[in-house]
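Next come the chains, spelled out residue by residue.
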Amino acid sequence: MTDIMGAKKAIAELRQEIERHNRLYYVEARPELSDFDFDRLLEQLIAIERQFPELVTPDSPSQRVGGTITREFPSVLHREPMLSLSNTYSLAEVEEFYSRVRKLLLFEGVAEQKMVAELKFDGVAISLLFRDGLLVRGATRGDGRQGDDITANLKTIATIPLRLDGRLVADLQGEVEVRGEVFMRKDDFERLNESRLEEDRFANPRNATAGTLKLQDSAEVARRRMCFVAYYLKGLKDESTAHFSRLELLSRLGFFTGDHYRLCQEVQDINAFIEEWAGNRWQLPYETDGVVLKLNDVRFWEKLGATAKSPRWAIAYKYPAQQARTVLHNVLFQVGRLGTITPVAELEPVLLAGSTVSRSTLHNFDEIERLGVMIHDRVIIEKSGEVIPKVVRIIPEERPADAEPILPPMHCPSCQSLLVRPENEVSYYCPNEEECPAQIKGRVLHFASRNAMDIQTLGEALVEQLVARGLVKDPGDLYFLQEPQLEKLERMGQKSAQNILRALEKSREKSYEQLLYALGIRHVGRATARELSQACPSIDALRQSSEEQLATVPDIGPVVARSIIDYFAKPSWPQLLEKLRTAGLPLCASEPREQVNRNFEGLSVLFTGGLDRYDRQAASELVFERGGRVVGSVSKKTGMVVAGHDPGSKLQKALKLGVRVVSEDEFEAML
Ligand SMILES: [Zn+2]
């Protein structure tokens, strides 16, 4: 693209399309494009903007990708203090709150009292400032009066509109403030934790969110896919607009508002809402920890005022923490893939938050000391959301006479080696890296895990047997397993054996980057593996790099560099490398594809219905490679519609608009 007018037009179209898909995905939860196609749209936009940097605006979706590294976050003063709500665990206090508000309204001659009940998201509160519709600042709550300016990080969140919908701006003043909560979905949280070393994992989505917002690298923030729920809007021209209508307006302005809020008339309605969500909230894709009640009639907010810390027109009811009392029978020691010993409590089975719990991690010996826990103690365990339960405290007055101290083990429970505890570390380690069955098992399971080589048929019980029988000493051995060997294992028929071999075969198609992560080098998570695969595009280049060279790769400090050097210096490495090579695993980044024609230059293409010879993703890629782009909806501007079998309503629309429609054969001929 060479002329600026063309670029401007293309940018405007792409931005509109991207924001529309963002909304479909995050706010309406009915995506039309695959992640892959969406990324390609974004890449096209970034490519044009790079060519014409003068056309980049602060509200461009390309700004969501992040990339700015700030030195520190400047402090900002909130326009109005961000108060926190007063919390209660008692339904009686909720009723008291309701009657207090009622008295005031009656005094003012208002008979009708409506409350809005919203689910309370367990996240981090932030404030967004829009000027003439444009997002100009995003800040943390801080101490309520003054917070940190984290605009660059917040711009990476797809559910935060960078520009408010122009048609609605007429209802708003020049300056608008939106408040809400940044949170992480449970599945995104699990994915994030899976990619981190055990000792670096976050305890719950809230901690992960808080930690992520503090990152200085907004590109990393973008990768963690956080969400935003809006619950407060200030800056309407009609200041008497009720709270419920404000939530509706927020939703029309492009914000996610949590879907489940309800207008309650009587205190019974409030109780019903609280009761209903006490159980249902576990089914939501994100964590909630209570219900917030706000007076719907905003005109009385000011009259009710606030205490030093909290407004009097709202209250947060928090669901009691999911706790249970049980007995700690014994402590086992688990050996991780890097040799770390983790103490695990064996508990008297007890029902907690809908499931039976019989085990709980004690993390390390510092934690055991902090809790002061002994074997046979009565303990309180707690579960918040989906996270593994933990022992929160002991009941000292009920300690039995036969209580025994928990002593650090001398020997590895798996291989009997003498354990070591490096200075300044909280954990004990098994030093028998090469032979310890537990460590081998951990390494093989990590290799097969979802973000690594994704060999789903390879479960824990199976790997245990493979290691115990000496069939597998490292991940490379997996690729030399024979069907008869597998069939001899417990609970294994011919069919499952074949499934495993097929899954292993398929894993060879994974990328070099995934293989680097799968190797399980200490401190090399997914993000580091990505950086490494770009800096050293083959395993040979990587293992020949010096510590100094490695330390120049972005995100890699001296500790990680040292750990990589140590990994390749292990005596067992040449053997493993040989096996991986023979097995045909990706030991270098794939070659860039050869040049193809530009037959789709500037053409926007829409696919509808199924194709016989291509899947949607492959077909889209072919179009992109040839200079075209793929869109998700038909308009007059659509260049071409490819109609497969059973096309949807988009075909009719295309015909009505007079857009060119081609068959799969014609499409293939164009390629
Ligand atoms: Zn061991």
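Residues numbered from 1 in each chain as written. Predicted model: local features only at pLDDT ≥ 70, side-chain atom pairs only at ≥ 80, totals over all residues.

Peer 1: Which residues make up the overall build of the protein, and what values go with them?
Peer 2: Helices and strands together make up the secondary structure of the protein, namely 24 helices and 20 strands. Across its three principal directions, the C-alpha atoms of the protein cover 80 × 80 × 50 Å. Scored against the burial criterion, the 671 residues of the protein give a buried share of 33%. Expressed as a percentage of contacts within the protein between residues at least 6 apart in sequence, the contacts between residues at least 24 apart total 68%. (Helix = DSSP H or I, 4+ residues; strand = E, 2+ residues; numbered from the N terminus. Buried ≥ 20, exposed ≤ 12 C-beta atoms within 10 Å, placed from the backbone. Contact = placed C-beta atoms within 7 Å.)

Peer 1: Describe helix 9 (residues 267-280), naming the residues involved and giving the relevant values.
Peer 2: Residues lying three or four places apart along an α-helix face the same way, a consequence of the helix completing one turn every 3.6 residues. Look at helix 9: 20 Å from first C-alpha to last across 14 residues, which is about the 20 Å you get at 1.5 Å a residue. Buried within helix 9 are the following residues: Ile-270, Phe-273 and Trp-277. All buried residues of helix 9 fall inside an arc of 60° around its axis, so they share one side. Among the exposed residues of helix 9, those oriented more than 90 degrees off its buried face are Gln-268, Glu-275 and Gly-279. (Expected span 1.5 Å × (residues − 1). Arc of directions from axis to C-beta.)

Peer 1: Lay out the environment of Val-631 in plain terms, naming residues and giving numbers.
Peer 2: Within the secondary structure, Val-631 is located in the loop between strand 18 (629-630) and strand 19 (640-643). Residues Val-631 and Leu-33 lie 598 residues apart in sequence; the distance between their C-alpha atoms is 8.4 Å. Setting aside residues up to four positions removed in sequence, Val-631 forms contacts with Glu-17, Ser-604, Leu-606 and Thr-638.

Peer 1: How would you explain the environment of Gln-465 if you had to name every residue and give the values?
Peer 2: Take Gln-465: it is sitting in helix 13 (residues 460-468). Remark: the alpha-carbon pair of Gln-465 and Lys-441, spanning 24 residues in sequence, is separated by 9.4 Å. If sequence neighbours within four positions are ignored, Gln-465 has contacts with Leu-489 and Glu-490.

Peer 1: Tell me about the nonpolar core, and please be specific about residues and values.
Peer 2: Counting 59 residues, the largest nonpolar core has Ala-117 and Leu-293 as its most contacted members. For this core, the leading source of residues is strand 8 (residues 227-236), giving six residues. In this structure Ala-117 touches Tyr-261, Arg-262, Cys-264, Ile-270, Phe-273, Val-291 and Leu-293, once residues within four positions along its chain are discounted. One finds Cys-430, Leu-458, Leu-462 and Ala-529 within the second-largest nonpolar core, a separate group that totals 47 residues. (Core = buried A, V, L, I, M, F, W, Y, C linked by C-beta atoms within 7 Å.)

Peer 1: So, the domain arrangement of the protein: which residues are in play, and what are the values?
Peer 2: For the protein, the assigned domains are domain 1 (4-65), domain 2 (80-318), domain 3 (322-398), domain 4 (437-582) and domain 5 (604-670). Domain 1 and domain 3 are separated by 48 Å when their C-alpha centres are compared. (Domains from an automatic or database assignment.)

Peer 1: Run through the sheet that holds strand 9 (residues 262-264), naming residues and quoting values.
Peer 2: A sheet is described by the order of its strands in space; here five strands give the open sequence 2-11-10-3-9, paired in mixed fashion. Each edge of the open sheet carries a strand with a single partner, namely strand 2 (87-88) and strand 9. In this structure, strand 2 lies alongside strand 11 (residues 314-318), joined through two bridges in parallel fashion. Paired with Asn-87 across the bridge in strand 11 is Ala-316. (Pairing = 2+ DSSP bridges.)

Peer 1: Explain the sheet that holds strand 20 (residues 661-662) to me, and be specific about the residues and the numbers.
Peer 2: Read from one edge of the open sheet, four strands run 18-17-19-20, paired in parallel fashion. The open sheet has two edge strands, strand 18 and strand 20, and neither has a second partner. Sheet topology note: the strand 17 (residues 604-608)/strand 18 ladder contains two bridges and is parallel. Pairing of Val-605 across the sheet is with Val-630, part of strand 18.

Peer 1: Describe helix 20 (residues 558-569), naming the residues involved and giving the relevant values.
Peer 2: Compared with an ideal rise of 1.5 Å per residue, which puts 12 residues at 16 Å, helix 20 spans 17 Å between its outermost C-alpha atoms and is within 8% of the ideal. Here helix 20 has its buried residues at Val-560, Ala-561 and Ile-564. Looking straight down helix 20, one finds its buried side chains confined to an arc of 105°; they lie on one side. With respect to the buried face of helix 20, the exposed residues turned more than 90 degrees away are Pro-558, Val-559, Asp-566 and Ala-569.

Peer 1: Run through the environment of Leu-462, naming residues and quoting values.
Peer 2: Tracing the backbone shows Leu-462 in helix 13. The exposure class assigned to Leu-462 is buried, which follows from the 21 C-beta atoms found within 10 Å. Between the C-alpha atoms of Leu-462 and Pro-484, which are 22 residues apart in sequence, the distance is 15 Å.

Peer 1: I'd love a proper account of the packing of helix 3 (residues 91-107) against helix 9, names of residues and values included.
Peer 2: Two elements in contact, helix 3 and helix 9, have axes separated by 11 Å at closest approach and are oriented at 145°. In this structure, the crossing between helix 3 and helix 9 has a hand that is right-handed. The residues of helix 9 that touch helix 3, namely those facing Leu-91, Val-94, Glu-95 and Tyr-98, are Val-267, Ile-270 and Asn-271. Considered class by class, the residues forming the contact of helix 3 with helix 9 number five nonpolar, one polar and one charged. (Axes fitted to C-alpha atoms, helices over the stretch in contact; angles between N-to-C directions. Left-handed = near helix turned anticlockwise from the far one by under 90°. Nonpolar A, V, L, I, M, F, W, Y, C, P; charged D, E, K, R; others polar.)

Peer 1: Requested: an account of unusual backbone geometry, with residues and values cited.
Peer 2: Peptide bonds are trans in most cases, and residues, glycine excluded, mostly fall at negative phi. In this model, Asp-454 sits at a positive phi of 50°, which is unusual for a non-glycine residue. Checked against the element boundaries, Asp-454 lands in the loop between helix 12 (437-448) and helix 13. Not every positive phi belongs to a glycine, and Arg-491 is a case in point at roughly 50°. Considering the arrangement of structural elements, one finds Arg-491 in the loop between helix 14 (483-487) and helix 15 (494-507).

Peer 1: Hey, could you go over the packing of helix 12 against helix 13 for me, with residue numbers and the actual values?
Peer 2: Geometrically, a packed helix pair is captured by the angle between its two axes and the distance between the axes. At a minimum axis distance of 10 Å, the contact between helix 12 and helix 13 shows a crossing angle of 130°. Judged by the angle between their axes, helix 12 and helix 13 are oblique. Two packed elements cross with a definite hand, and for helix 12 against helix 13 that hand is right-handed. Across from Pro-437, Ile-440, Lys-441, Val-444 and Leu-445 in helix 12, the residues of helix 13 making contact are Glu-460, Val-463, Glu-464, Val-467 and Ala-468. (Parallel < 35°, antiparallel > 145°, perpendicular 65-115°, else oblique.)

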